[in-house]
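Okay, here's what each chain looks like letter by letter:
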Amino acid sequence: MASDTVYRASTTAPVNIAVVKYWGKRDPKLNLPTNSSLSVTLSQADLRTLTTASCSASYPSSDGDSLLLNGEPSDVAGARTQACFRELRSRRAALEAANPSLPKLSAMPLRLVSENNFPTAAGLASSAAGFAAFVRAIANLYELPASPSELSLIARQGSGSACRSLFGGYVAWRMGDKADGSDSMADQVAEASHWPEMRALILVVSAAKKGVSSTSGMQQTVATSGLFQERITKVVPQNMDLMEKAIKEKDFAAFAEVTMRDSNSFHATCADTYPPIFYMNDVSRAAIRAVETINANVGRTVAAYTFDAGPNAVIYYLEQDTEAVVGTFYHVLGEIDGWKQASLKGLKPSMSLDGGV
Ligand code: ADP
Ligand code: DP6
Ligand code: CO
């Protein structure tokens, strides 16, 4: 008779929003990127994924592994989800082989239950928080002695951006150059406490699921955009250097310029994809103009916009400029057609950084 003990572990994981964007895979199977990237991890008090992993010998093996995402059954047959299961199980199996008194969790079906407290697949990095939580929940369940770097390596195989959500603060994903991907993972560039005044304002322009997923969009870009080569060979390497320097020196003007230029460069390669991909809409562009107006009115750079693969804006600014940025945003956008409708859908309050996970 199979024991009916249910083993269970839960975790939360934060969202991260890239200031130098990952866009392009050099190896879609191993999920290896064409360029390094850098992001800021946001506070879990605002946006987070909560995932519980459980396993039991009493779960029918015919059910296999499963994932309930936001209350709906979600497909786990995809190669990238399977890679995460495989990597975690083999580490658990190694522990069990070394210590035969451990329960054989690696042989039991896994059930994951996950909830995002923010829009899923809308360009707010749900795959990042989602796969970081997925991997850590199972690692906790299996009591793996894995470091954040090792979990980052596994989460990368689920969704590239997820490798950065295993760390708090300012985080780089080094693309690596090994064919097996064993050096493609994230590391922390600086702790949140190094520059704790950083804030992010999230403008939820649309909570709808995007038309073109990140996975598919970037593959179309790699295959068809000429501009993309310029981006990965020149623009991104330079932006990575400038961004690391800006963060080390806490130079907001430099941080902001690189952030905005890199977002523009990424969306330019989307427009250069054939057929073109448009993630931003008129309201997104109005947000860009509002940031320019705010910076011009203040007479220095106090705000930086960035957009992932979706229309929603993330505005980075420093705490001491809250009034100038957040206060003025409502005022400036109020005068732009189309904004009223967007703001009704919800203007997320400012968020601080996540200190560590
Ligand atoms: P986003 O911009 O939100 O990251 P993507 O297109 O990159 O959008 O990825 C969305 C996909 O990520 C979802 O369709 C789902 O497969 C996966 N995902 C999102 N949240 C979770 C979660 N909490 N657990 C597991 N997978 C998730
Ligand atoms: C625009 O990590 O979602 O948000 O690896 O295919 O799951 P997959 O893609 P994903 O792509 C994120 C793209 C981005 C930029 C970034 O987060 O760096
Ligand atoms: Co994503």
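Position numbers for residues count from 1 along each chain, tracking the sequence in the order it is written. Chain letters and ligand numbers both follow the written order, the letters beginning at A and the numbers at 1. In view of the model being predicted, local features appear only for residues whose pLDDT reaches at least 70, and side-chain atom pairs are presented and counted only at 80 or more, with totals across whole chains, interfaces and linings using the full set of residues. With hydrogens and water excluded, all non-hydrogen atoms of the structure serve as input to the side-chain values.

Some points on the overall build of the chain
Assigned secondary structure in the chain consists of nine helices and 14 strands. Counting only C-alpha atoms and orienting by the principal axes, one finds that the chain spans roughly 70 × 40 × 40 Å. The contacts in the chain between residues at least 6 apart in sequence include a share of 75% that link residues at least 24 apart. About 14,900 Å² of surface is accessible on the chain, with carbon and sulfur atoms providing 53% of the total. Charge assignment in this entry is limited to Lys and Arg as positive and Asp and Glu as negative, and neither His nor the chain termini are counted. Lysine's charge is taken at NZ, arginine's at CZ, aspartate's at CG and glutamate's at CD. The average position of the 33 basic charges and that of the 35 acidic charges among the side chains of the chain differ by 3 Å. Here a strand is any run of E in DSSP of at least two residues, a helix any run of H or I of at least four, and the numbering for each starts at the N terminus. Should any heavy atoms of two residues lie within 4.5 Å, those residues are considered in contact. Here the open area of atoms and residues is found with the Shrake-Rupley method and a 1.4 Å probe, where only the protein chains shown may cover a residue.

Brief notes about the pattern of salt bridges
Counted as salt bridges are all cases of a side-chain nitrogen of Lys or Arg within 4 Å of a carboxyl oxygen of Asp or Glu. What the rule picks out here adds up to 16 salt bridges. For E230, the salt bridge identified is with K234, shortest N-O distance 3.4 Å. Of this pair, E230 and K234 both sit in helix α5 (residues 227-249), separated by four residues, roughly a single helical turn.

Regarding the confidence of the model for the chain
Confidence scores per residue from the predictor, reported as pLDDT, run from 0 to 100. When pLDDT is averaged along the chain, the result is 94, and 94% of the positions lie at 70 or above. Scoring the predicted complex yields pTM 0.96 and, for the interface, ipTM 0.99.

Some remarks on the sheet that holds strand β7 (residues 66-69)
Whether two strands pair comes down to DSSP finding at least two bridges between them. In spatial order, the strands read β1-β6-β9-β7-β8; together these five strands make up an open sheet with mixed pairing. Two strands bound the open sheet, and with one partner strand each, they are β1 (7-14) and β8 (72-74). On average, adjacent strands in this sheet sit at an angle of 25° to one another, irrespective of strand direction. Pairing analysis gives three bridges linking β7 to β8, with the strands arranged antiparallel. Note that in β8 the partner of L68 across the bridge is P73. All axes here are fitted lines through C-alpha atoms, helices being fitted over the stretch that makes contact, and every angle between N-to-C directions spans 0 to 180 degrees. Seen against the sheet, helix α2 (residues 126-141) touches β1, β6 (48-55) and β9 (110-116) and runs at an angle of roughly 150° to β1.

What to know about the site of ligand 2
By convention in these notes, a residue is near a molecule or strand provided one of its non-hydrogen atoms lies within 4 Å of it. Around ligand 2 there are 18 residues in total, and Y22, K25, S159, S161 and T215 lie nearest to it. Counting of polar contacts relies on pairs of N or O atoms within 3.5 Å, with two restrictions inside protein: one atom must be capable of donating a hydrogen and the other of accepting it, and residues adjacent in sequence are counted only when both atoms are side-chain atoms. S161 places a side-chain nitrogen or oxygen 2.6 Å from an oxygen atom of ligand 2. Between ligand 2 and R164, the relevant distance is 2.8 Å, taken from an oxygen atom to a side-chain nitrogen or oxygen of the residue. Here ligand 2 has 460 Å² of accessible area as a free molecule, and 95% of this is covered by the chains.

What to know about the site of ligand 1
In the neighbourhood of ligand 1, 18 residues make up the surrounding shell, with S114, N116, S126, S127 and K210 lying closest. Between S114 and ligand 1, the recorded distance is 2.8 Å, taken from a side-chain N or O atom to a nitrogen atom. S214 is positioned with one of its side-chain polar atoms (N or O) 3.3 Å from an oxygen atom of ligand 1. Protein burial of ligand 1: of its 570 Å² of free accessible surface, 82% is covered by the chains. At the level of secondary structure, the elements contributing two or more residues to the shell around ligand 1 comprise β7, β9 and α2. Basically, the charged four are Asp, Glu, Lys and Arg, the nonpolar ten are Ala, Val, Leu, Ile, Met, Phe, Trp, Tyr, Cys and Pro, and anything else, Gly included, counts as polar. Of the residues that constitute the shell around ligand 1, the class distribution is seven nonpolar, 10 polar and one charged.

A few points about the state of the cysteines
By convention in this document, the label disulfide applies to cysteine sulfur atom pairs within 2.5 Å. In the structure shown here, the tally under the stated rule is zero disulfides. Counting only cysteine sulfurs, C163 is the nearest neighbor of C84, a cysteine outside any disulfide, at a range of 11 Å. Here the term buried applies to any residue with accessible area under 20% of the maximum for its type, exposed to any over 50%, and partly exposed to those in between, with areas from a 1.4 Å probe on protein chains only. Residue C84 is classed as buried on the basis of its relative accessible area of 0%. Between C270, a cysteine without a disulfide, and C163, which holds the nearest cysteine sulfur, the sulfur-to-sulfur distance is 19 Å. Owing to a relative accessible area of 0%, C270 belongs among the buried residues under this scheme.

Brief notes about the sheet that holds strand β12 (residues 198-203)
Ordered by their spatial adjacency, three strands build an open sheet running β12-β14-β13, and the pairing between neighbours is antiparallel. One side of each edge strand has no neighbouring strand; the edge strands of this open sheet are β12 and β13 (303-307). Shown here is a sheet whose adjacent strand axes are inclined to one another by a mean of 25°, direction ignored. In this structure, β12 lies alongside strand β14 (residues 313-318), joined through six bridges in antiparallel fashion. Across the sheet, A200 pairs through a bridge with Y316, a residue of β14. Sheet strands touched by helix α6 (residues 252-271): β12, β13 and β14. Its angle to β13, the strand with the most contacts, is close to 25°.

Examining the packing of helix α1 (residues 79-98) against α2
Running from amino to carboxyl end, α1 crosses α2 at an angle of 25°, the nearest separation of the two axes being 10 Å. When the axes of α1 and α2 are compared, the pair comes out roughly parallel. The handedness of the crossing between α1 and α2 is right-handed. Residues T81, C84, F85 and L88 of α1 pack against F131, F134, V135, I138 and A139 of α2. Here the residues of the contact of α1 with α2 sort into eight nonpolar, one polar and no charged. Orientation is classified from the angle alone, with under 35 degrees giving roughly parallel, over 145 giving roughly antiparallel, 65 to 115 giving roughly perpendicular, and any other angle giving oblique. Each crossing gets its handedness from the near helix: less than a right angle anticlockwise from the far helix is left-handed, clockwise is right-handed.

So, the packing of helix α7 (residues 282-298) against helix α8 (residues 322-334)
Across the interface, α7 lies against α8 with an axial gap of 10 Å and an inter-helix angle of 125°. Here α8 runs oblique to α7, going by the angle between their axes. In the packing of α7 onto α8, the handedness of the crossing is right-handed. Contact with α7, carried on its side by A286, A287, A290, V291, T293, I294 and V298, involves A324, V325, T328, F329, V332 and L333 of α8 and no other residues of that element. Its residues placed into classes, the contact of α7 with α8 shows 11 nonpolar, two polar and no charged.

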